[in-house]
Amino acid sequence: MSEKLIEIDDRDGIVRLTITRPKALNALNSAVLAELEAVLTDLEKRDDLRGVLITGAGEKSFVAGADITEMREKTPEEARAFAGQALRTIKRLETLPVPVVALVNGFCLGGGCELALACDWAVASDNAVFGQPEVLLGVIPGFGGTQRLPRRVGPAMALDLVTTGRKIDAQEALRIGLVNRVMPQAELEAYADELTKQLSGNGPLAVRGAKQAVHDGMDQDLDSALALETALFACCFAGEEQSEGMSAFVEKRKPNF
Ligand code: HXC
C-alpha cells in the first residue's frame with residue numbers, strides 16, 4: 001500500500017492534518033491535492049468536527065509550493081485543470097464550518113502560502129519564510145494568491161509580493177497581518193495543544209456560527225452583514241448551548257457543551 005500523503009491525527013474532533021512529502025518540502029502535486037480533497041470530503045460529513053489544524057511534515061517546510069517538477073511540462077489546458085483541482089480543494093478547506101488554522105513550520109511559498117491564506121488564521125515558527133515567488137518561474141500565483149493575499153494584507157503589499165516574488169521572514173509576515181503569531185518552532189506543538197483545549201471547551205455551534213458570520217459577512221455590504229449577524233445571534237438562543245453557557249456563568253461553574 002502506498003504511504004499516506006496526508007497524516008490525520010484526531011483529538012476529540014480537532015483534526016490535525018500533516019502534509020507528508022518531506023523530501024520535496026511538502027510540495028503540492030496532484031496526488032497530495034487528491035488525497036487532501038478526499039480527507040476533506042470525510043471531514044465535511046462530521047457533525048462532531050470542532051477544528052482543523054494543518055501543517056507540513058518535518059522541521060524545514062510547511063509547503064514549498066505547487067510541485068514544479070510536475071507542472072513543468074503542462075500544457076495550458078493541463079495547467080488550468082491543475083489550478084482548478086487546487087482551487088476546489090483549498091476552497092473546501094476554507095469553507096469547513098469550523099476554525100481552520102495553519103501551523104506554518106518553515107517554507108510557506110507559492111501554493112503553500114495560498115493554502116495558508118485559505119485558513120482562518122495562521123501561526124508561524126520564527127524560521128518560517130513566506131512568499132509568492134511564481135514570477136521567478138515565469139508564472140503567476142494560481143491557487144488563489146492574487147485574490148486572497150490582497151484581501152488579507154491589502155493590495156499594495158500583495159502587489160509588492162506577487163510582482164517581485166521576494167521572500168519575507170516570519171516577523172514581516174506578522175507585521176503585514178499574513179500570520180497572527182510567531183513563536184519558536186519548538187512551541188508550535190504546545191500552541192496546537194492549547195488551541196485544541198480552547199476549541200474543545202467552547203460551544204461548538206457558537207463557534208460554527210461565529211465563523212459563518214465573519215466569512216459570509218465579508219462578501220456583503222455592512223447592513224446586510226449586520227442583519228446576518230443578528231440572525232445567527234438569535235439562532236443561538238434556539239439551542240441548548242446558550243442556556244448551558246449562560247447558566248454555567250450564573251452558577252459559577254464551567255459550561256458543559
Ligand atoms: C517540487 C520542490 C519544490 C517545489 C522544493 N522542492 N520545492 N520540488 N516543487 N515547489 C524539492 C527540491 O527540488 C529538492 O528536491 C528538495 O525539495 C529540497 O529542496 P532544496 O531546493 O534542495 O532545498 P533548499 O536549498 O533548502 O531550498 C529550499 C527552497 C527551494 C528555497 C524552498 O526548494 C525553492 O525555492 N523551492 C521552490 C519554491 C517555489 O518556487 N515555490 C512556488 C512554486 S510555484 P531534490 O530531489 O533535489 O532533493 C507555485 C504555483 C502555484 O506554487 C500555482 C500553480 C497553478
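Cut-offs applied
Residue indices follow the written sequence of each chain, beginning from 1 at its first position. With pLDDT at 70 or above as the cut-off, local features in this predicted model cover only qualifying residues; side-chain atom pairs require 80 or more to be listed or tallied, and sums for whole chains, interfaces and linings still use all residues. Hydrogens are left out, water is left out, and the side-chain values use all remaining heavy atoms of the structure. UniProt positions are given in the numbering used here, feature names are shortened, and annotations may be inferred rather than shown by experiment. Helix and strand assignments follow DSSP, with helices taken as H or I runs no shorter than four residues and strands as E runs no shorter than two, numbered in order from the N terminus. The size measure is the radius of gyration over C-alpha atoms, and the globule rule it meets is 2.2 Å times the number of residues to the 0.38 power. Here, residues are in contact when the closest pair of their heavy atoms is within 4.5 Å. Charge counting follows a simple rule: Lys and Arg are positive, Asp and Glu are negative, and His as well as the terminal groups are ignored. Where a charge lies is defined by one atom per residue type: Lys uses NZ, Arg uses CZ, Asp uses CG and Glu uses CD. Think of it this way: DSSP has to see at least two bridges between two strands before they count as a pair. Nonpolar cores are built from buried Ala, Val, Leu, Ile, Met, Phe, Trp, Tyr and Cys residues. Side-chain atoms within 4.5 Å join them into one set. When a residue's accessible area, from a 1.4 Å probe over protein chains only, is under 20% of the maximum for its type it is buried; when over 50% it is exposed; and in between it is partly exposed. A single heavy atom is enough: if one lies within 4 Å of a molecule or strand, its residue is considered near that molecule or strand. For the purposes of these results, a polar contact is taken to be a pair of N or O atoms within 3.5 Å, where, inside protein, one atom must be able to donate a hydrogen and its partner to accept one; residues adjacent in sequence count only when each atom of the pair is a side-chain atom. For the area figures, the Shrake-Rupley method with a 1.4 Å probe applies, and any residue is considered shielded solely by the protein chains shown. Under the grouping applied here, Gly and all other residues not named as nonpolar or charged are polar, the nonpolar ones being Ala, Val, Leu, Ile, Met, Phe, Trp, Tyr, Cys and Pro and the charged ones Asp, Glu, Lys and Arg. Domain ranges listed in this record stem from an automatic or a database domain assignment. Computed with a 1.4 Å rolling probe, the buried area is the accessible surface lost when two parts are put together, summed over both parts. The working definition used for a salt bridge is a side-chain nitrogen of Lys or Arg within 4 Å of a carboxyl oxygen of Asp or Glu. Orientation is described by lines fitted to C-alpha atoms, with helices fitted over the stretch in contact, and by angles between N-to-C directions that extend from 0 to 180 degrees.

- The protein chain goes by Putative enoyl-CoA hydratase echA8 in an unreviewed UniProt entry, where it is assigned to Halomonas chromatireducens.
- The protein chain has a UniProt comment under Sequence similarities (unreviewed entry) that states "Belongs to the enoyl-CoA hydratase/isomerase family."

1. Focus on the overall build of the protein chain
Thought 1: When helices and strands are tallied, the protein chain shows 11 helices and 10 strands.
Thought 2: For 257 residues, the compact-globule estimate of 2.2 N^0.38 gives 18 Å, and the C-alpha radius of gyration of the protein chain, at 19 Å, lies within 12% of that figure.
Thought 3: With the C-alpha coordinates of the protein chain rotated into their principal frame, the extents come out at 65 × 45 × 35 Å.
Thought 4: Partitioning the contacts of the protein chain with sequence separation of at least 6, the portion at a separation of at least 24 is 69%.
Thought 5: Computing the positive centroid from 28 side-chain charges and the negative centroid from 38, the protein chain places the two 2 Å apart.

2. Some points on the sheet that holds strand 4 (residues 61-63)
Thought 1: Pairing in this open sheet of four strands is mixed, and the strands run 4-6-8-9 from one edge to the other. Taken across any chain shown, the strands that pair with only one partner, and hence form the sheet edges, are strand 4 and strand 9 (168-169).
Thought 2: Sheet topology places strand 8 (residues 129-131) next to strand 9; two bridges connect them, and they run antiparallel. Along strand 9, the bridge assignment pairs V129 with D169.

3. Remarks on the nonpolar core
Thought 1: With 51 residues, the main nonpolar core has V104, F130 and L178 as its most contacted residues.
Thought 2: With six residues, helix 1 (residues 30-44) is the single largest residue contributor to this core.
Thought 3: Every residue in contact with V104, bar those within four places of it in the chain, is listed here: F62, A116, A122, V123, A124, S125, A128, F130 and L188.
Thought 4: I14, V101, M183 and L199 belong to the second largest nonpolar core, which has 11 residues in total.

4. Examining the site of the ligand
Thought 1: Surveying the vicinity of the ligand reveals 22 residues, the closest of which are K60, A64, A66, I68 and G111.
Thought 2: In this structure, an oxygen atom belonging to the ligand sits 2.7 Å away from a main-chain N or O atom of A66.
Thought 3: One of the backbone nitrogen or oxygen atoms of I68 is found 2.9 Å away from a nitrogen atom of the ligand.
Thought 4: A total of 1000 Å² of accessible area belongs to the ligand in isolation, and the protein chains cover 63% of it.
Thought 5: Elements represented by at least two residues in the shell around the ligand include exactly helix 2 (68-71), strand 6 (107-109) and helix 4 (111-117).
Thought 6: Here the element with the most residues in the shell around the ligand is helix 2; it accounts for three residues.
Thought 7: Counted by class, the shell around the ligand contains 12 nonpolar, five polar and five charged residues.

5. A closer look at the domain arrangement of the protein chain
By convention, interface size is frequently given as the accessible area that disappears when the constituent parts associate.
Thought 1: Parsing the protein chain into structural domains produces domain 1 (6-199) and domain 2 (203-250).
Thought 2: On a C-alpha basis, the centroid separation for the pair domain 1 and domain 2 is 27 Å.
Thought 3: Between domain 1 and domain 2, the contact holds 11 residues from the first and six residues from the second.
Thought 4: Between domain 1 and domain 2 lies a buried interface of about 670 Å² when both sides are counted; carbon and sulfur atoms form 48% of it.
Thought 5: Broken down residue by residue, the surface that domain 1 buries against domain 2 is led by R50, P97 and D120, which jointly contribute 52%.
Thought 6: The interface formed by domain 1 and domain 2 includes one salt bridge.
Thought 7: A salt bridge links K211 to D120; the nearest nitrogen and oxygen atoms lie 2.9 Å apart.
Thought 8: At the surface where domain 1 touches domain 2, the tally comes to six residue pairs in polar contact (both at pLDDT 80 or more).

6. Re the sheet that holds strand 2 (residues 14-19)
Thought 1: Pairing in this open sheet of six strands is mixed, and the strands run 1-2-3-5-7-10 from one edge to the other. Both edges of this open sheet fall to strand 1 (6-11) and strand 10 (181-183), since each of them pairs with a single strand only. Neighbour to neighbour, the strand axes of the sheet diverge by 20° on average, direction disregarded.
Thought 2: Bridge count between strand 5 (residues 100-104) and strand 7 (residues 121-125): four bridges; the pairing is parallel. By the bridge assignment, A102 is partnered in strand 7 with A122.

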